[in-house]
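# Geometric and topological summary
Given next are the chains, with one letter for each unit.
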Amino acid sequence: MAEPLLVLERLEKRYGGLVAVQSLDLAIAAGEFIAIMGPSGCGKTTTLRMIAGLERPSGGEIRLRGRRLNEIAPWQRDTPMVWQSLALFPFLSVVKNVEFGLKMRGIVAGERRRRAMKWLERLGIAHYRDRPVDKLSGGERQRVALARALVTEPEILLLDEPLAALDANLVVRMQAELKQLQQQLGITFCHVTHSQSEAFAMADRVVIMSEGRLQQAGPPREVYRAPANRFVAEFVGANNILDGTVAEATGERVRVDTGIGAFDVRAAPTRPLAKGAKVALVISADQVNVAAGPAAEGNVVTGTVIGEEFVGAFVTLHVDLGGGTVFRVQLQQHALDKLGSVQGKSLTVTWKPEHAVLLSNA
Amino acid sequence: MMSGRLVTLALRTYLALALLLVFAPIITSFIYSFDADKYAAFPWGGFSTRWYGEALADPDVAKGFHNTIIVAVTSALIATAIGFATAYTDYRYRFFGKNAYLALALLPPTIPAIILGLAMLVFLSRVGLSGALHSIIICHVVYSIPFAMALIRLRLGQMDRDLEAAAWNLGASEWHALREVVLPFTLPAILAALFLAMAVSFDEYAIAWFVSGFSETLPVRILMLLQREVSPKVNAIGSLVFIVSMTLVLVAQVMLVMRAPSQAAANGPRQGAGRG
């Protein structure tokens, strides 16, 4: 594989005693749509600002196409950003905002106007060219911000939660548009967000951060189905986590003792697990089945339904399995209809061994 | 309902009376500046613009007016430039002793003008800069910087912190970002500061009286006239000075109000209306 477009190597950022980003290693390929995700204060925005040169790394290195960026001033990099606040220039018209980057690069007025208009047309806002930016709607201003960042035709575009201020319907539409734009342009998008749905909807690869550290990086499905550690398991999706110890490990099959029983899980044969080792089982809420009667297959446990949550056609049941363990079980509405009224009822909860993920760092 | 109206009416009357009290001396002076009689008395001696004619024909008054304009314009330009620089350092940087720096920068108008004038005279004569027009300019710059700075600082406070960084991000050096983003954004406040600083200088007499020597400004001339004789010319000159400085203050106000509201709203995090 060729040298990736952007490389972060042991990147660090400290503010006095506070560590914002800690020993971050990440390689971003050309043309990749990457989403950096995590709760607020996890260091995702700091990382983005370091790439843009707005924060100076305390340690480590940032390389773009093999060139060390650390000491390069922000205005000498070509790493335009779409800001959470959009940061449009309020005293300039739409087209003047878009022209700004070209003007700073000393491109003559006629050429500037031509190239800015090309982007305004591409993003469908050419008819607003002479409007002041504060006379536009949220979605329109979003497009102006995009056009302004893309007009210099950079290799990488940085996006700092640009959809955070939009209403839900518009967010979904902008996500689709961003993804389509990225595929058409073939450039790298580096998108920072705290929203899982936003990251999973657009990104080729998701990077999960917590407390300044990288927790997991991989395609959305992989992160979703095989969380690398407890933080990711809790942060991504709706997962049930059971702590336990290894009771028996034979080849691919591991039996784990937990407070509510012993369960089988299929372990990845990366390293052998000693008997008695502390582990955790992660079972995604949508991989759990419930039945009114007894069930024979897989891991079986019984519990009492203590609550129901409805989101669209999906229902999440909260099932008390005893010993302080409450499972979340995600069902389709029609599956619930078959069970009839479930509130307070005792149900059999099952899942297949291959649908559980074993974490050894519990 | 009726009592509510009465209260409103009472409050309005009160406000009108209070304003009348504040402006009564100026109004009186303004009225008697058109009085044909030499000595102010009731009733009026008839309408006349004689005193304006005499005032404008007086070469000392003309010279004073000329000096006042030079001092006001020059000191306003310098004070606004320094005021902007001070406000910008406050906006942009965090450093040790910043509060002390700001307190010092805002200090001059809180010092009694007589003391400031005397101190300025002593200092300027030590360094050989007293008794000329530039002495007044120096003093008025010192005196009006805080006004200019306060106005510009207020405007910078409304500026989205990402705005300047966005300019850097798009390839603008710090100097270019200042010229292309910070200056245009603060322009209304800069113009307001210019006019306010001019107004401050235009009717300042105490400091000017100490340091001016023979290059007296108009307010100093009024003082001189009053000491020598009680001439209705003073009313005429006073009215002119009042009109000019009020106009300057009003222009400053208008500058601030005109462009501010729409711009402040431009980048706030708000919900998109979804028209796109």
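Our subject is the structure listed above.
The model shown is predicted, which means the values in this text are computed figures rather than measured ones.

### A few points about the overall build of chain B
Helix and strand content of chain B: 11 helices and zero strands. Mapped in sequence order, the helices and strands of chain B form the string α-α-α-α-α-α-α-α-α-α-α. Dimensions of chain B along its principal axes, counting C-alpha atoms only, are 70 × 70 × 30 Å. Across the 276 residues of chain B, 42% fall into the buried class. Approximately 14,800 Å² of chain B is accessible, and the part contributed by carbon and sulfur atoms is 73%. Between the mean site of the 19 positive side-chain charges and the mean site of the 15 negative ones, chain B shows a separation of 8 Å.

### Structural notes on the overall build of chain A
On a plain count of helices and strands, chain A comes out with nine helices and 20 strands. Over its C-alpha atoms, taken along the principal directions, chain A stretches across nearly 75 × 45 × 40 Å. Relative to its 362 residues, chain A shows a buried fraction of 53%. In chain A, the share of contacts with a sequence separation of at least 24, taken over all contacts with a separation of at least 6, comes to 66%. Here chain A has roughly 15,600 Å² of accessible surface; of this, 49% comes from carbon and sulfur atoms. Each charge class in chain A was averaged separately, 43 positive and 38 negative side chains, and the resulting centres sit 6 Å apart.

### Describing the sheet that holds strand E8 (residues 188-193) of chain A
Across the sheet, six strands lie side by side as E6-E7-E8-E3-E9-E10 (chain A); this open sheet has mixed pairing. Of all the strands in the sheet, just strand E6 (81-82) and strand E10 (213-218) of chain A have a single pairing partner and so form its edges.

### Regarding the sheet that holds strand E4 (residues 59-64) of chain A
Strand pairing in a sheet is mediated by backbone hydrogen bonds. Such pairs are either parallel or antiparallel. Residue and element names in this part refer to chain A. Spatially, the four strands line up as an open sheet ordered E2-E1-E4-E5, and their pairing is antiparallel. Single-partner strands in this sheet number two, and they are strand E2 (18-28) and strand E5 (67-68). Where strand E1 (residues 6-15) meets E2, seven bridges bridge the pair, whose relative direction is antiparallel. Looking at the pairing, Tyr15 lines up with Leu18 of E2. Strands in contact with helix H1 (residues 44-52) are E1, E2 and E4; relative to E1, the strand with the most contacts, it is inclined by about 115°.

### Digging into the packing of helix H3 (residues 59-92) of chain B against helix H4 (residues 98-106) of chain B
All names here are of chain B. With their axes 11 Å apart at the nearest point, H3 and H4 run at an angle of 160° to one another. When the interaxial angle is binned, H3 and H4 end up roughly antiparallel. Like other packed secondary-structure pairs, H3 and H4 cross with a definite hand, here left-handed. Contacts from Thr86, Thr89 and Asp90 in H3 reach Lys98, Tyr101, Leu102 and Ala105 in H4.

### Regarding a nonpolar patch on the surface
All names here are of chain B. Nonpolar side chains collect at one region of the surface, where Leu15, Leu17, Leu19, Leu20, Val22, Phe23, Ile26, Ile27, Ile31, Trp44 and Phe47 lie side by side and expose about 1,000 Å² of accessible area between them. By secondary structure assignment, the location of Ile27 is in helix H1 (residues 2-32). Owing to a relative accessible area of 38%, Ile27 belongs among the partly exposed residues under this scheme.

### A few points about the nonpolar core
With 63 residues, the main nonpolar core has Phe89(A) and Phe100(A) as its most contacted residues. Looking at this core, the element that brings in the most residues is helix H8 (residues 174-202) of chain B, giving nine residues. Filtering out sequence-adjacent residues up to four positions away, Phe89(A) remains in contact with Asn97(A), Phe100(A), Val133(A), Arg148(A), Leu163(B), Ala166(B), Ala167(B), Leu170(B) and Val181(B). Grouped together as the second largest cluster of nonpolar side chains are 47 residues, Leu88(A), Ala126(A), Val151(A) and Ala199(A) included.

### A short note on the interface of chain B and chain A
Of the residues lining the interface, 31 residues belong to chain B; the matching set on chain A comes to 35 residues. Across the chain B to chain A interface the summed buried area is about 3,000 Å²; carbon plus sulfur atoms make up 57%. Note that Lys103(A) is salt-bridged to Glu180(B), the shortest N-O span being 3.1 Å. When contributions to the side of chain B that touches chain A are tallied by element, the ones reaching two or more residues are helix H7 (161-169), H8 and helix H11 (233-264) of chain B. Looking at the side of chain B that touches chain A element by element, the count peaks at seven residues for H7(B). The class makeup of the residues in the side of chain B that touches chain A is 12 nonpolar, 12 polar and seven charged.

### As for unusual backbone geometry
All names here are of chain A. In this model, Ser23 sits at a positive phi of 40°, which is unusual for a non-glycine residue. With respect to the element layout, Ser23 can be found in strand E2. Given the relative accessible area of 23%, Ser23 is considered partly exposed. The phi dihedral of Ala87 is positive, around 50°, even though this residue is not glycine.

### Looking at the environment of Arg328(A)
Residue and element names in this part refer to chain A. Mapping Arg328 onto the fold places it in strand E18 (residues 326-332). Taking relative accessible area as the criterion, Arg328 reaches 30% and is therefore assigned partly exposed. When the C-alpha positions of Arg328 and Ala238 are compared, they lie 7.4 Å apart, and in sequence the two are 90 residues distant. Discounting residues that sit within four places of it in the chain, Arg328 has contacts with Ala238, Asn239, Asn240, Ala285, Thr316, Leu317 and His318. Reaching out from Arg328, the side chain makes a polar contact with the backbone oxygen of Asn239 at a distance of 3.2 Å.

### So, the pairing of strand E13 (residues 261-266) of chain A
All names here are of chain A. As paired elements, strand E12 (residues 253-258) and E13 share six bridges and run antiparallel to each other. Residue pairing across strands places Val256 opposite Phe263, the latter belonging to E13. Hairpin geometry of E12 and E13 is characterised by an intervening segment of two residues between the two adjacent antiparallel strands.

### Some thoughts on the pairing of strand E3 (residues 33-37) of chain A
Residues and elements named next belong to chain A. Counting buried positions along E3 yields five of five residues, so the element is predominantly enclosed. Along E3, one buried face is formed by Phe33, Ala35 and Met37 and the opposite face, lined by Ile34 and Ile36, is buried too. Strand direction decides the pairing type here: E3 and E8, joined by five bridges, are parallel. Bridge assignment links Phe33 to a residue of E8, and that residue is Phe189. With four bridges joining them, E3 and strand E9 (residues 205-210) adopt parallel strand pairing. By the bridge assignment for E9, Ala35 is matched with Val206.

The rules behind the values
- Per chain, residues are indexed from 1 in the order of the written sequence.
- Written order determines the labels here, with chains lettered from A and ligands numbered from 1.
- Local features are withheld for residues below a pLDDT of 70 in this predicted model, meaning they are given only at 70 or higher, and side-chain atom pairs are given and counted only at 80 or more; totals for whole chains, interfaces and linings count all residues.
- Only heavy atoms go into the side-chain values, all of them from the structure, while hydrogens and water stay out.
- We count a stretch as a helix when DSSP gives it H or I for four or more residues in a row; a strand needs E for two or more, and each element gets its number in order from the N terminus.
- Exposure categories follow from relative accessible area, calculated using a 1.4 Å probe and restricted to protein chains: below 20% of the type maximum is buried, above 50% is exposed, and the middle band is partly exposed.
- Areas reported as accessible are Shrake-Rupley estimates using a 1.4 Å probe. Residue values count occlusion only from the protein chains shown.
- None of His or the chain ends enter the tally, which takes Lys and Arg as positive and Asp and Glu as negative.
- By convention, the point assigned to a charge is CZ for Arg, NZ for Lys, CD for Glu and CG for Asp.
- Contacts are residue-level and defined by heavy atoms, with any inter-residue pair within 4.5 Å sufficient.
- The pairing criterion for strands is at least two bridges between them, as found by DSSP.
- To get an axis, fit a line to the C-alpha atoms, keeping to the stretch in contact for a helix; angles then go from 0 to 180 degrees between the N-to-C directions.
- To sort the angles, those under 35 degrees are grouped as roughly parallel, those over 145 as roughly antiparallel, those from 65 to 115 as roughly perpendicular, and the leftovers as oblique.
- Here is the rule for handedness: rotate from the far helix to the near one, and if that takes an anticlockwise turn smaller than a right angle the crossing is left-handed, while a clockwise turn gives right-handed.
- Candidates for patches are residues over 30% relative accessible area with no salt bridge; among them, like charges are joined within 9 Å and nonpolar side chains (Val, Leu, Ile, Met, Phe, Trp, Tyr) within 5 Å.
- In the sections that follow, a salt bridge refers to a side-chain nitrogen of Lys or Arg positioned within 4 Å of a carboxyl oxygen of Asp or Glu.
- In plain words, nonpolar cores are sets of buried Ala, Val, Leu, Ile, Met, Phe, Trp, Tyr and Cys residues tied together by side-chain atoms within 4.5 Å.
- Defined in terms of a 1.4 Å probe, buried area is the accessible area two parts forfeit on being brought together, summed over both.
- Residues are grouped as follows: Ala, Val, Leu, Ile, Met, Phe, Trp, Tyr, Cys and Pro are nonpolar; Asp, Glu, Lys and Arg are charged; all remaining types, including Gly, are polar.
- N or O atoms within 3.5 Å of each other form a polar contact, as long as, within protein, one can give a hydrogen and the other can take it, and as long as residues adjacent in sequence are counted only when both atoms are side-chain atoms.

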